[in-house]
Amino acid sequence: MLTETADPTGARPGGSPHAATVAAVEACWHCGAAVPPRTRWRAPVAGEERAFCCAGCLAVARTIAGAGLDRYYLSRSGPLPPALGGDERPVAWNAAAAAAGLVRRLPGGRREVSLLLDGLTCGACVWLVESWLAREPGVVEAGVNFATRRARVVWRDGESSLDRLIAALASIGYRAHPYDPARREALARAERRTLLVRTGVALLAMMQVMMFSVPGYLSDDGIAAEHQRLLDWASLVMTIPVVAWSAWPFFAGAWRDLALRRLGMDVPVALGLAAAFTASAWSTLGAGGPVYYDSVTMFVALLLCARYVELATRQRAGEAIERAARAIPPTAERYEAWPGARTATVDATALAPGDVVLVRAGATIPADGTVVDGSALVEEAMLTGESWPHARGTGDRVLAGSVTRDRPLVVSVTAAGDATELAAVMRMVDLAASARPRVARLADRAAAVFVAGLLALAAVTAVAWFAIDPSRVLPVTFALLVVSCPCALSLATPAAIAAAAGALGRRGVVFARSDALEALARVTHVAFDKTGTLTEGRVRLAATRAFRDGSPADALAVAAALEARSEHPIARAIVSAHAGDVPAAGDLSQVSGQGVAGTVGGRRWRLGRTDFVAAIAGAAPPELDAFAQEAGGRASVVALGDEDGFVAAFALGDELRAGAQQAVARLAALGISTSVLSGDRQASAAAFAEAAGIPVAHGDLRPDAKRDAVAALQRAGAVVAMVGDGINDAPPLAQAQVSVSLAGATPIAQWTSDVVVLAGGLDRIADAVGHARRTLAVVHQNLAWATLYNAIAIPAAALGWVTPLVAAVGMSASSLVVVVNAARLARIPGRPGVAAGGDAASPQALAPAAHR
């Protein structure tokens, strides 16, 4: 990790291969250009502090070091191409990005890169970036994920380059960098801090200016001219920082839109603010007349509040994928020669098919491959979503992201980096998540039409009044722009969503995407994953049956002794269920996929599969079959026996999540159908579905099969919400109109999700659906009010019936109506007929636990 430091002297403690021979002149460690005197751009690279000529070169070095490839600088034959210079100018990225492995090669002579974008503020920005990149020669695909600020670009090699793409984005006001987690985190912090300060300044000024305006609103006889002038000057002083700094994003966005000859929602916002402030300042400076400082500051404060809520939600969604990326091992232990004993630590991205790597016990497998030596229990939850480890030995296939639980493995790599199955699933999710819905494209076009019509009407009004009464051109045009400023339209949706999101947030439901509430309100079908979603996702001892003399507690003590040293979920469940002292066990041996054998109390014991135990205990008693039938598809049965016969059996499995039955019943009451889509056995999926009251269950599904099942529901006309928790749920989560994950879900599942339930369980999903429907109704009310208001106010202003003062009051009143109506969503109504506390009265349901 690079850390930027400031050195006012410009000196550095160590030299570099690119240092100038003259002591007064330093060379940039990255590009070799001269370093300005007293440079502040310094960072440690390759074990020494280095100097850089600009922020761009420092950024390139930070990216290379962040990828663990800073030794590149020690092995290169010459300096990299120089950066273009300046904080705002594009950096020469081609060589650095290739060295760091940030540009991926695709079949057909294509290249692919993920870019981190700085400057995205709304859905219109997404449309602009995608459209602009699509015009670049050689660009095949361009998609922007608004939640993570990442753009995925594919181009034909030889027709374009990374430098050209970054320069193209810089030309329209967006700074782009090859994706780097450290840079993303720094940009996110800076953006959040800046927007928070802008909002705070606007809110403080709004309250102060409103206080200055109250005397004028309350006085019947008016205020003395000298006092009014003093209040106007005070309001002007408070409003200047709001317009000059807090509202700067609106003006910058409007300028960018106009420079590109397109009309976005920032254009009327900026025009309304500029008109109201200019007229007010003109009046204050001596011309006399009404002022609108209260309207200006309130407008800016409310819009910034909505943007901050949206920003916080979006960044929360983006952080989940960063945690998932950090979970993938950055390095691997590669054998210098196999068979052999010497290994070297290398970057996981540097692995290639044919390499042989050592995966230690408890470590994550860095690449797809085949086991060539050893056997271990491997947990594949990152891909399958199931927490039960599977026995893997010589010749078996293992996948990147899986964890070896108990023993080391030697793996021959078959696919690494972007070629792994894990990377393929993540790309599938990224592509689905970055696709822009039809409603977003329609909104972009509608906004452009609205703004164009508004500006055309303002121009026609000005010309008409110039012919009728030139003295009224300015106040009438100003009044039109102020009264039609889309404050109510801008707040209609975000105010309602912010209030609803806050209310649901207090109940532990977080929305990761701005359009999730609307989509959730239209849901007609909810599909649940099983393990970890419909169930608790933890193995527990559910029942014990003794077959010979002795108590179940004695049998459990022997089983705990045999399993005391194992990390298998079944072993942990048995040991945790035993409350007393664990007797000593010797001669322990584990047989993968079968069970464990050992000596306890001078007797030989076996614990595991029935046939494994029967090898020393003889035929299983009839009671064992009856016990297994009682467990059914909801539990796994583990037998215990010695040389004298079977002693006991244990039923181990998962439990139905608290509140699952109530959640399903409440969804049914809302007219929503339900189903289960699981990677576990069909019998297990069906048993849990029946326990929860879900009529349809599908088991033995791979991630793509789950996605196909969701697509089939959609083709039948359903609006689907998918509830999942593992990376195997990521494709169906991305396919569904609404995706929901719980607090314990994997990072990739949470990142793909529109809704994350942090507390309260499955019953919160029904809360969210019901409140989303109320929210959509309030949004429609707000939009109807805003439309009615504009339909009346705009013609009235154009006809000269509305003064600028009345226009400002009308705009404020319109916004107030919208906000007050939206505030009703800050409270979620009680749920009559539903008892709090979950599903306490329902019987426990058990899920199968895999045998070793």
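Residues numbered from 1 in each chain as written. Predicted model: local features only at pLDDT ≥ 70, side-chain atom pairs only at ≥ 80, totals over all residues. Heavy atoms only, no water.

### A closer look at the overall build of the chain
Counted only if it meets this: Per the convention used, a helix needs a DSSP run of H or I reaching at least four residues, while a strand needs a run of E reaching at least two, with both numbered from the N terminus. With a 1.4 Å probe rolled over the protein chains alone, any residue whose accessible area is under 20% of its type maximum counts as buried; one over 50% counts as exposed, and the rest are partly exposed. In what follows, residue pairs with any heavy atoms lying within 4.5 Å of each other are defined as contacts. Note on areas: Shrake-Rupley, 1.4 Å probe, and residue coverage restricted to the protein chains presented here.
The number of helices and strands found in the chain is 28 helices and 31 strands. Here the chain holds 852 residues, and the buried ones make up 52% of them. The long-range fraction of contacts in the chain, counting pairs at least 24 apart against all pairs at least 6 apart in sequence, stands at 69%. Accessible surface, the chain as shown: approximately 35,600 Å² in total, 59% of it carbon and sulfur.

### Description of the pairing of strand β30 (residues 738-742)
Inclusion rule: DSSP calls a pair of strands paired once it identifies at least 2 bridges connecting them.
Across the 5 residues that make up β30, a large majority, 5, are buried. Burial of β30 is two-sided: the residues Val738, Val740 and Leu742 facing one way and the residues Ser739 and Ser741 facing the other way are all buried. As paired strands, strand β29 (residues 720-724) and β30 are joined by 4 bridges and run parallel to one another. In the strand pairing of β30, Ala721 is matched with Val738. One ladder, built from 3 bridges, connects β30 with strand β31 (residues 755-757); its direction is parallel. Across the sheet, residue Ser741 finds its bridge partner in β31, namely Val756.

### Let's talk about the pattern of salt bridges
For clarity, the cut-off: The working definition used for a salt bridge is a side-chain nitrogen of Lys or Arg within 4 Å of a carboxyl oxygen of Asp or Glu.
Within this structure, the stated rule accounts for 17 salt bridges. Between Asp642 and Arg603 there is a salt bridge whose closest N-O contact spans 2.1 Å. Residue Asp642 is located in strand β25 (residues 636-642), and its partner Arg603 is located in strand β24 (residues 603-608); the two are separated by 39 residues in the primary sequence. Overlapping salt bridges, with partners in common, bring together Arg666, Asp763, Arg764 and Asp767 in one network.

### Quick look at the sheet that holds β30
The test is simple: Interaxial angles span 0 to 180 degrees and are taken between N-to-C directions of axes, which are lines fitted to C-alpha atoms, for helices over the stretch in contact.
A sheet is described by the order of its strands in space; here 7 strands give the open sequence β19-β31-β30-β29-β20-β27-β28, paired in mixed fashion. On the outer flanks of this sheet lie β19 (509-511) and β28 (696-698), each paired with one strand and no other. Neighbouring strand axes in the sheet, compared pairwise and without regard to direction, differ in orientation by 20° on average. As defined by bridge partners, strand β20 (residues 525-528) adjoins β29 across 4 bridges and the pair is classed as parallel. Each bridged residue has a counterpart across the sheet, and for Val526 the counterpart in β29 is Ala721. Against the sheet, helix α23 (residues 682-692) engages β27 (673-677) and β28, with an angle of about 155° to β28.

### Quick look at the packing of helix α18 (residues 552-563) against helix α19 (residues 569-577)
Short version of the rule: Roughly parallel refers to an angle under 35 degrees, roughly antiparallel to one over 145, roughly perpendicular to one between 65 and 115, and oblique to any angle outside these ranges. Handedness of a helix crossing follows the sense of rotation of the near helix relative to the far helix, less than a right angle counterclockwise being left-handed and clockwise being right-handed. As a working rule, the residues Ala, Val, Leu, Ile, Met, Phe, Trp, Tyr, Cys and Pro are called nonpolar, Asp, Glu, Lys and Arg charged, and the rest polar, with Gly in that last group.
One can describe the packing of α18 onto α19 by two numbers: an axis separation of 9 Å at closest approach and a directional angle of 135°. In this view, α18 runs oblique relative to α19, as classed from their interaxial angle. Where α18 crosses over α19, the handedness of that crossing is left-handed. Between α18, through Leu556, Ala559, Ala560 and Glu563, and α19, the contact on the second element is made entirely by Ala571, Arg572, Ile574, Val575 and Ala577. Residue composition of the contact of α18 with α19, grouped by class: 7 nonpolar, no polar and 2 charged.

### Topic: a nonpolar patch on the surface
Filter applied, for reference: Here the term patch refers to residues with relative accessible area over 30% and no salt bridge, with like charges joined within 9 Å and nonpolar side chains (Val, Leu, Ile, Met, Phe, Trp, Tyr) within 5 Å.
A cluster of nonpolar side chains, namely Trp785, Leu788, Ile792 and Val817, defines an oily patch on the protein surface of about 360 Å² accessible area. Ranked by residue count, the leading element in the nonpolar patch is helix α27 (residues 763-798), at 3 residues. Along the polypeptide, Val817 turns up in helix α28 (residues 804-823).

### Looking at the pairing of strand β10 (residues 331-335)
Bridge count between β10 and strand β11 (residues 343-347): 5 bridges; the pairing is antiparallel. Each bridged residue has a counterpart across the sheet, and for Thr331 the counterpart in β11 is Asp347. Relative to strand β12 (residues 356-359), β10 runs antiparallel, the two sharing 2 bridges. Note on β12: the bridge partner recorded for Glu333 is Leu358.

### Thoughts on the confidence of the model for the chain
Interpretation of this model should avoid reading the predicted coordinates in detail wherever pLDDT is low. Definition in use: What pLDDT expresses is the predictor's confidence in each residue, scored from 0 to 100.
The predicted model of the chain has a mean per-residue pLDDT of 75, with 71% of residues at 70 or higher. Within the chain, no element has a lower average pLDDT than helix α2 (residues 72-75), which sits at 47, and none a higher one than β20, at 94. Of the regions scoring below 50 in pLDDT, residues 75-91 engages in 39 contacts with residues more than four places distant in sequence or in other chains. Scored below 50 in pLDDT, residues 431-441 makes 15 contacts in the model with residues more than four places away or belonging to other chains.

### What to know about helix α24 (residues 703-715)
To keep things clear, this is the line we draw: Working rule for helices: expected span equals 1.5 Å times residues minus one.
A rise of 1.5 Å per residue sets the reference length of α24, with its 13 residues, at 18 Å; its end C-alpha atoms lie 19 Å apart and thus fit the reference within 8%. Just beyond α24, the residue with positive phi is Gly717, at close to 105°.

### Topic: helix α5 (residues 162-170)
Rules: Summarising the geometry, the arc corresponds to the directions from the helix axis toward the C-beta atoms.
When α5 is considered as a whole, its buried residues turn out to be Leu162, Leu165, Ile166, Ala168 and Leu169. Seen along its axis, α5 keeps its buried residues to an arc of 155°; they face one direction.

### Concerning the nonpolar core
Our working definition: By nonpolar core is meant a set of buried Ala, Val, Leu, Ile, Met, Phe, Trp, Tyr and Cys residues that side-chain atoms within 4.5 Å join together.
Counting residues in hydrophobic clusters, the biggest one holds 48 residues, and the most contacted among them are Phe511, Leu520, Val526, Phe528, Leu534, Ile694 and Leu762. Among the elements that line this core, the one with the most residues is α27, at 8 residues. If we skip the residues at most four places from it in the chain, Leu520 touches Phe511, Val738, Ala768, Val769 and Ala772. Formed by 42 residues, the second largest nonpolar core is a distinct cluster that contains Ala247, Leu273, Val291 and Ala796.

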